[in-house]
Amino acid sequence: MQQPDEVATDARQRLRPAGIAFGGDYNPEQWPEEVWAEDVALMKEAGVSLVTAGIFSWAKVEPRPGEFDFAWSDRVMDNLAGAGVAVCLATMTASPPPWLSRLHPEILPETADGRRMWPGGRQHYCPSSGVYRRYATRLVEQLATRYADHPALEMWHIGNEYGCHTPMCWCDGSAADFRRWLSDRYGDIGALNDAWSTAFWSQGYDSFDEVLPPRLAPTFPNPGQQLDFARFSDDALLQCYLAEKEVLRRITPDVPVTTNFIGVHKPVDAFRWAAEQDVVSVDVYQDPHDHDTHIAAGFIFDVTRSARGGRPWMLMEQAPSAVNWRDRNGPKPPGRMRLWSWQAIAQGADAVLYFQWRQSRGGAEKYHSAMLPHGGTETRTFREVRELGRELASVPQIAGARSTAEVALVLDWNSWWALELDSHPSTALDQMNIALAHYRPLFEAGITCDVVPPDRDLSGYRLVVVPNLYLIRERDAERLTDFVRGGGHLLVSFFSGVVDECDRVHPGGYPAPLREVLGLHVEEFWPPAERETVNVRHRDGTVSGADLWSEVVVPESAETVAVFDSGALTGQPAVTRHAFGEGSAWYVATRLAPRAMRNLMDEVRDTAGVGPVVTGLPEQVQATVREGDGGRFVFLLNHGREQVEVGLPEPMSDLLTQGTAPSDRIRLPGAGVAVLSTPWTRHTKGQR
Ligand code: GLA
């Protein structure tokens, strides 16, 4: 029998607006009330079903300490309820009002070199500040009580983009909180000294009172201290979120909660945070000037979907057209906003929202596009928004459908933090770049890929890709080893399996915990000079380029698949393959040029028996599948500019162009989208 809390949990996991939710951030406090009636009328015209309101309203609802004025927000909520627009109500704590930092300047954050961050922007609070949390939760208590039974309230939006501007704080308050956190983690100072290798450079601590955050130091601060500070800072932000969530759960136990991630953001471990959310949401701002922006976005979407084990998620923010915060802010050309919105849905989203509903007249974001631009309704942006709203409303059956992946790519925040510390063989290793270099060949081949932490159950996958796992726990290495032993296929790239949780080198030769499964050891790291490239000769005799990294690989039972063909390591292994147990484990000791990486990934996929959703996809066409009670949907998205034709295994019709006869060839114009409804099951090659 279900326990009461499980029942509540099930209810919270539904996005209640029927179908794909559509809307954006609504900031009515920036406008006189006369505008509000027009807002809701135009929202209806644009097909808006969900807005996220009140994100920056703290100063408006609590103009003086403890004096709450909700009369205006009552009217906003009533207007929206009257129009049938659901509200994801923000807890309003993202930007403290001026009175709070005047009363309590100690809430202001400090940088590593001791500079205070002043009010005037936003997110000017120290994540460890008990004072900030006290005032924030007091406000949340008032809000939750006020709107608990309001018909417009569908979900809570806690904070906003945690860690966007202030991911870490080095002030005295943070120092005290860090010491408390360390004492909980290590128990006694001896354990901390051991974990941080403080025998080095005379850093031994006699008590926790001596420990500080890694502030500006004459040279490299202790790596263990830096790594723990990254963990601690993530945790301090999470505690802010949890403090608010606790109030909301108490007062509105059935209302789902979320907070919006900023893409895949180094300071915030999405896998940890997702476990604390009913629905995961993310903000993704594709860059119209970047030809490959949809691949980076695809990666973020897959992380977001995988963070809650494949449950539908929300695209909480995207720009209807241009942003205002890059150096050159290009608008989205016609059709791109639609295409990129559909991309989110194709990768599992059940909500497409924007920043923001109405373009601001003043303030720092007045040149950021909005659903309703300065130019009003007779604008390309509004027309495209309205058209998309109509289109999404026509396919409610997609909502709730899920995708299954046969490939998982491993990403671990702890390893990311450790990898990018200073004093390494190379400072050029960037976790996101390395991950994307491995994700791209899968994306381009039309392969759906989950992105998972290393402690996730891998048994459902045929292929696991580990772009870089510099820091590895023994038990995670055992999990990877068992995965291959049992018949899985594994691809691991350079500088993996090197250190433990404390950034101490695993004894036994690199990569000690992965030696058995990879059938090799690495004797020496050999990063090339900046801009230096090396050649790699493959088994078929072709030669490709590589850069960024190389290392001296000594095969034990692995076979060499490709060798370095220039430079100091000429003739030594660049790629190896190890038949192990029922599966195979591949190792890549350098960053292969994209074409060679694609060839290698295709070969590994072939061994693993993983095929694309649609075979023979034209370049730049993405294909995914979602399946649920409403049916089985194949999404085809043309990220290119030219028209292409996609061959299908049987005649099908496009849900978005109702009335056209089924065909086994679908024509997609540049930026075109098709959603095919089909009972047909995907093509896979062989069984594991
Ligand atoms: C972030 C914030 C929004 C807004 C947008 C602009 O995503 O959450 O408040 O500033 O950026 O792109």
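In this text, all values refer to a predicted model and were calculated from it rather than measured experimentally. (Residues numbered from 1 in each chain as written. Predicted model: local features only at pLDDT ≥ 70, side-chain atom pairs only at ≥ 80, totals over all residues. Heavy atoms only, no water.)

**A look at the packing of helix α2 (residues 34–46) against helix α4 (residues 71–82)**
To be explicit about the condition: Axis angles are defined between N-to-C directions and span 0 to 180 degrees, where every axis is a line fitted to C-alpha atoms and, for a helix, only to the segment in contact. Secondary structure is summarised from DSSP: a helix means a run of H or I of at least four residues, a strand means a run of E of at least two, and numbering begins at the N terminus for each. For classification purposes, angles smaller than 35 degrees are called roughly parallel, those larger than 145 roughly antiparallel, those between 65 and 115 roughly perpendicular, and all remaining angles oblique. Should the near helix be turned counterclockwise from the far one by less than a right angle, the crossing is left-handed, whereas a clockwise turn marks it as right-handed. A contact between two residues is defined here by any heavy atoms of the two lying within 4.5 Å. Put simply, Ala, Val, Leu, Ile, Met, Phe, Trp, Tyr, Cys and Pro go in the nonpolar bin, Asp, Glu, Lys and Arg in the charged bin, and everything else, Gly too, in the polar bin.
One can describe the packing of α2 onto α4 by two numbers: an axis separation of 10 Å at closest approach and a directional angle of 30 degrees. With respect to α4, the axis of α2 lies roughly parallel. Note on packing geometry: the crossing formed by α2 with α4 is right-handed. Contact residues: α2 offers Trp 36, Val 40 and Met 43, while α4 offers Trp 72, Arg 75, Val 76, Asn 79 and Leu 80. Residues that form the contact of α2 with α4 fall into these classes: six nonpolar, one polar and one charged.

**Re helix α9 (residues 223–251)**
Selection rule: To estimate the expected span of a helix, count its residues, drop one, and scale the result by 1.5 Å. Burial here depends on accessible area, computed with a 1.4 Å probe over protein chains only, as a share of the maximum for the residue type. Under 20% is buried, over 50% is exposed, and the range in between is partly exposed. Residues adjacent in sequence count toward polar contacts only when both atoms are side-chain atoms; beyond that, a polar contact is any pair of N or O atoms within 3.5 Å, and within protein one must be able to donate a hydrogen and the other to accept it.
The first and last C-alpha atoms of α9 sit 43 Å apart over 29 residues, in line with the 42 Å expected at 1.5 Å per residue. Of all 29 residues making up α9, 21 are buried, and the element is well covered by its neighbours. Regarding α9, its N-cap is Asn 222, as a side-chain oxygen of that residue lies 2.7 Å from the backbone nitrogen of Gly 224 further along.

**A look at empty space enclosed by the protein**
As a reminder of what qualifies: Both site types are read off a 1 Å grid over the protein atoms alone. A 1.4 Å probe that fits but cannot get out defines a cavity, while an open set with protein on both sides within 12 Å along at least five of seven lines defines a pocket; lining residues have an atom within 4 Å of a point. Grid points are joined across faces, edges and corners, and a volume is the space filled by probe spheres set on the points.
Applying the stated criterion across every chain yields a total of 11 cavities of 30 Å³ or more. Here the largest cavity is characterised by a volume of approximately 100 Å³. Lining the largest cavity we find 15 residues, and of these Asp 302, Ile 447, Thr 448, Gln 622 and Thr 624 sit closest to its centre. When contributions to the lining of the largest cavity are tallied by element, the ones reaching two or more residues are α11 (293–307), α15 (431–444) and β22 (621–628). For the lining of the largest cavity, the class distribution of residues is seven nonpolar, six polar and two charged.

**Considering the pattern of salt bridges**
The condition that has to hold: By convention in these notes, a salt bridge is any Lys or Arg side-chain nitrogen within 4 Å of a carboxyl oxygen on Asp or Glu.
Evaluated as defined, the whole model comprises 50 salt bridges. Measuring nitrogen to oxygen at the nearest pair gives 3.7 Å for the salt bridge that ties Arg 473 to Glu 501. Separated by 28 residues along the polypeptide, Arg 473 in the loop between β12 (463–466) and α16 (474–485) and Glu 501 in the loop between β13 (489–493) and α17 (515–518) bring together distant segments of the chain. Judged by its relative accessible area of 13%, Arg 473 is buried. Look at Glu 501 and you get partly exposed, because its relative accessible area is 29%. Connected through salt bridges with shared partners, the residues Asp 412, Arg 473, Asp 476, Arg 479 and Glu 501 form a single ionic network.

**Observations regarding the site of the ligand**
This is how it is decided: Proximity criterion: a residue is near a molecule or strand once any of its heavy atoms comes within 4 Å of it. For the accessible areas, the method is Shrake-Rupley and the probe is 1.4 Å, while residue cover comes only from the protein chains on display.
Around the ligand, a shell composed of Phe 56, Arg 122, Asn 160, Glu 161, Asp 283, Tyr 285, Glu 317, Trp 325, Phe 355, Glu 365 and His 368 is seen. For the ligand, an oxygen atom lies 3.3 Å from a polar atom in the side chain of Tyr 285. Computed on the free molecule, the ligand has an accessible area of 310 Å², of which 97% lies beneath the protein chains in the complex. For the shell around the ligand, the residue count by class is four nonpolar, two polar and five charged.

**Points about the packing of aromatic side chains**
This is how the line gets drawn: Two rings belonging to Phe, Tyr or Trp (six-membered ring only in the last case) form a pair when the distance between their centres is within 6.5 Å. Interplanar angles under 30 degrees mark stacking, angles over 60 mark edge-to-face geometry, and anything in between is tilted.
Enumeration according to the criterion identifies 33 aromatic pairs in this entry. Consider the rings of Phe 178 and Trp 181, whose centres lie 6.4 Å apart with planes at 25 degrees: the pair is stacked. Pair noted here: Phe 178 and Trp 181 are both in helix α7 (residues 172–186), with a separation of three residues, about one helical turn. A residue is classified by how much of its surface remains accessible, and Phe 178, at 0% relative accessible area, is buried. Since its relative accessible area comes to 12%, Trp 181 is described here as buried. Between Phe 178 and Trp 196, the aromatic rings sit 6.3 Å apart at their centres with planes inclined by 25 degrees, giving stacked as the arrangement.

**What to know about the pairing of strand β15 (residues 534–538)**
Going by this rule: Only strands joined by at least two bridges in the DSSP assignment are considered to pair.
Of the two faces of β15, the one holding Val 534, Val 536 and His 538 is buried and the one holding Asn 535 and Arg 537 is not buried anywhere. With four bridges connecting them, β15 and strand β16 (residues 543–547) associate as antiparallel partners. Following the sheet pairing, Asn 535 is matched in β16 by Gly 545. The turn linking β15 back onto β16 is made up of four residues, and Gly 541 within it adopts a positive phi angle of 90 degrees. Pairing geometry for β15 and strand β18 (residues 559–564), over three bridges, is antiparallel. Its bridge partner lying in β18, Val 536 is registered against Phe 564.

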